[in-house]
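What follows is the residue order along each chain.
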Amino acid sequence: MTRILFLAFVSIILSGCTGNRAVLWHGPNSSPASIAAGNAAIVKPAQPAAVVPVFVATSREHSNDFSLPFNSKRSDHLNFARVDVGIPKAHVKGVVEKTGYKPDPAKHFAAVSMQNFDNGNVFVNQLNQALDQRGPKDQELLIFVHGYNNNFADSTFRAAQFTHDYGLKSVTVHYAWPSAASLGLYVYDRDSANFARDGLAELLKLAAKTKAKRILLVGHSMGSFVTMEALRTLSLNEEQRTLNRLTNVLLAAPDIDLNVFENQVKDVKPLPPMGVMVSRNDSALNISGRITGGHARVGDGTGIATLQKYGIAVLDASKVDGGDHSVFASSPTLMTLVSDGSLSFDTLKGEGQTSGQAMLADGTNVVADAASMVIYLPGRILTAAASGFQQ
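The shown structure was predicted, so the numbers you read here are calculated from the model rather than taken from an experiment. (Residues numbered from 1 in each chain as written. Predicted model: local features only at pLDDT ≥ 70, side-chain atom pairs only at ≥ 80, totals over all residues. Heavy atoms only, no water.)

What to know about the overall build of the protein chain
Then, number 1: Within the protein chain, the regular secondary structure consists of 15 helices and 12 strands.
Then, number 2: Split into buried and exposed, the 391 residues of the protein chain put 55% on the buried side.
Then, number 3: The contacts of the protein chain with a sequence gap of at least 6 include a subset with a gap of at least 24, amounting to 76%.
Then, number 4: Carbon and sulfur atoms make up 51% of the accessible area of the protein chain, which totals about 16300 Å². (Helix = DSSP H or I, 4+ residues; strand = E, 2+ residues; numbered from the N terminus. Buried < 20%, exposed > 50% of the residue type's maximum accessible area, 1.4 Å probe, protein only. Contact = heavy atoms within 4.5 Å. Areas by Shrake-Rupley, 256 points an atom, 1.4 Å probe, with all protein chains shown as cover.)

Below you can see the structure in the form of structure tokens.
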């Protein structure tokens, strides 16, 4: 009985990775024939408040159901698509309003349209067309890699929500790897994360061929493991050009064993500019650590000094809006810090200013409750700064 209760508790905690299951849409034009045609347009009785185009590369297999056009099975090749996601009028920032039955565009995230692409070359051309529609300063790709226990709709909606709520002008690209979307299949997802690394490496090579002036890569939870393994694969295959095209990498609440992460980092040459968001209040990672034998996870906040040693900036979100597993996408505080310019990738390089809601720390003299966000810069930057003050 104790074991059953513990497993039930684990399921409840880990469900923070997604919550209720989502579907893209159920409608009259969602037949297999319209999907096979490659362009399934959907007419809705109400219009969303905004539409976010999400370009998708996925190592999931195709299905014949538009409500979930890609399933949990592993594909031996990448599939490509664009999903235009409607943001509901009732949307609250930081929340993905979803339903597993029939989305109401006024209340729920829902697909407005979907288009499949035949191959990677077509995908690159489509990305370039989207980039051309941006101004010179906004020609960047944001590549999002989702975490454990997500179906295709869950993670696609999260990519759209993240883009919309942060006011990003990037072209959003979502790498959807074959998570089982089941609380009890954590091991399946871990195996799928290993499987998915080659697909993400292929996507990054395609992204490197686009006109993008900046390429930002964001991995969440178990998606951070996929991200690091893809970077390692590129490095071992001597794909330095692709690695050099990555402007920044952010790992949010990474569900990676700290020792494994160190080995991954050592193999990635060159290591792109990297930041890691951690939280000591992340219940999901605390449970993940117990499942994996008590080993520290990169995102649990216990390995900050180790991350600094490898030249990685650390954002400690323990005191930011509860510091839960999805704080990177749900936090009003973080949205404010980004919108007012006090938190950016330049900040993680030791440049720019921080606001009263964020403070820079050297890891040894942090005043409790002095700020919502504590930023630990890489050790090499802090050493250089200290030398400058002494001159």
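A few points about the confidence of the model for the protein chain
Then, number 1: For the protein chain, per-residue confidence averages 84 on the pLDDT scale, and 80% of positions sit at 70 or higher.
Then, number 2: Counting interchain partners and residues more than four positions distant, the pLDDT-below-50 stretch residues 353-359 has 28 contacts.
Then, number 3: This stretch, residues 380-391, has a pLDDT under 50; its non-local contacts, to residues over four places away or in other chains, come to 8 contacts. (pLDDT = per-residue confidence, 0-100.)

Side note on the packing of aromatic side chains
Aromatic ring pairs are described here by two measures, namely the spacing of the ring centres and the angle between the planes.
Then, number 1: By the definition in use, this model includes 9 aromatic pairs.
Then, number 2: Measuring from ring centre to ring centre gives 6.3 Å for Phe-55 and Phe-123, while their planes differ by 70 degrees; the resulting arrangement is edge-to-face. Note that Phe-55 is positioned in strand β2 (residues 50-62) and Phe-123 in helix α3 (residues 120-132), a separation of 68 residues in sequence.
Then, number 3: Pairing Tyr-148 with Tyr-186 gives two aromatic rings, centres 5.2 Å apart and planes at 70 degrees, and the pair type is edge-to-face. Taken as a pair, Tyr-148 in the loop between β5 (140-145) and α4 (152-165) and Tyr-186 in helix α5 (residues 186-195) lie far apart in primary sequence, 38 residues in all. Taken as a pair, Tyr-148 and Tyr-186 share a single burial class, namely buried.
Then, number 4: Cation over ring: Arg-74 sits above Tyr-188, and NZ or CZ is 4.2 Å from the ring centre.
Then, number 5: Residue placement shows Arg-190 over the ring face of Phe-225; its charged tip is 4.9 Å from the ring centre. (Phe/Tyr/Trp six-rings, centres within 6.5 Å; stacked < 30°, edge-to-face > 60°. Lys NZ or Arg CZ within 6 Å of the ring centre and 35° of its normal.)

Some words on the nonpolar core
Then, number 1: Judged by nonpolar contacts, the single largest core of 56 residues is most densely connected at Phe-123, Tyr-175, Met-228, Leu-231 and Phe-261.
Then, number 2: Examining the composition of this core, we find that 7 residues originate from one element, helix α7 (residues 222-236), more than from any other.
Then, number 3: With near-sequence residues (within four places) excluded, Phe-261 lies in contact with Met-228, Leu-251, Ile-256, Met-274, Val-298, Leu-307 and Ile-312.
Then, number 4: Core analysis: the next-biggest nonpolar cluster, separate from the first, contains 45 residues, Val-52, Ile-87, Ala-159 and Leu-377 among them. (Core = buried A, V, L, I, M, F, W, Y, C linked by side-chain atoms within 4.5 Å.)

Some details on the packing of helix α6 (residues 197-208) against α7
Then, number 1: At a closest axis distance of 8 Å, the pairing of α6 and α7 adopts a crossing angle of 65 degrees. Considered as vectors, α6 and α7 are oriented roughly perpendicular to each other. Seen along the crossing, α6 lies across α7 with a hand that is right-handed. On α7, the residues touching Arg-197, Asp-198, Leu-200, Ala-201, Leu-204 and Lys-205 of α6 are Val-226, Thr-227, Glu-229, Ala-230, Leu-231, Thr-233 and Leu-234.
Then, number 2: A breakdown of the residues in the contact of α6 with α7 according to their chemical character gives 7 nonpolar, 2 polar and 4 charged. (Axes fitted to C-alpha atoms, helices over the stretch in contact; angles between N-to-C directions. Parallel < 35°, antiparallel > 145°, perpendicular 65-115°, else oblique. Left-handed = near helix turned anticlockwise from the far one by under 90°. Nonpolar A, V, L, I, M, F, W, Y, C, P; charged D, E, K, R; others polar.)

Quick look at the pairing of strand β12 (residues 373-376)
Then, number 1: Here β12 shows two buried faces, one formed by Met-373 and Ile-375 and the other by Val-374 and Tyr-376.
Then, number 2: With 3 bridges connecting them, strand β10 (residues 313-316) and β12 associate as antiparallel partners. Bridge pairing links Asp-316 to Val-374 in β12. (Pairing = 2+ DSSP bridges.)

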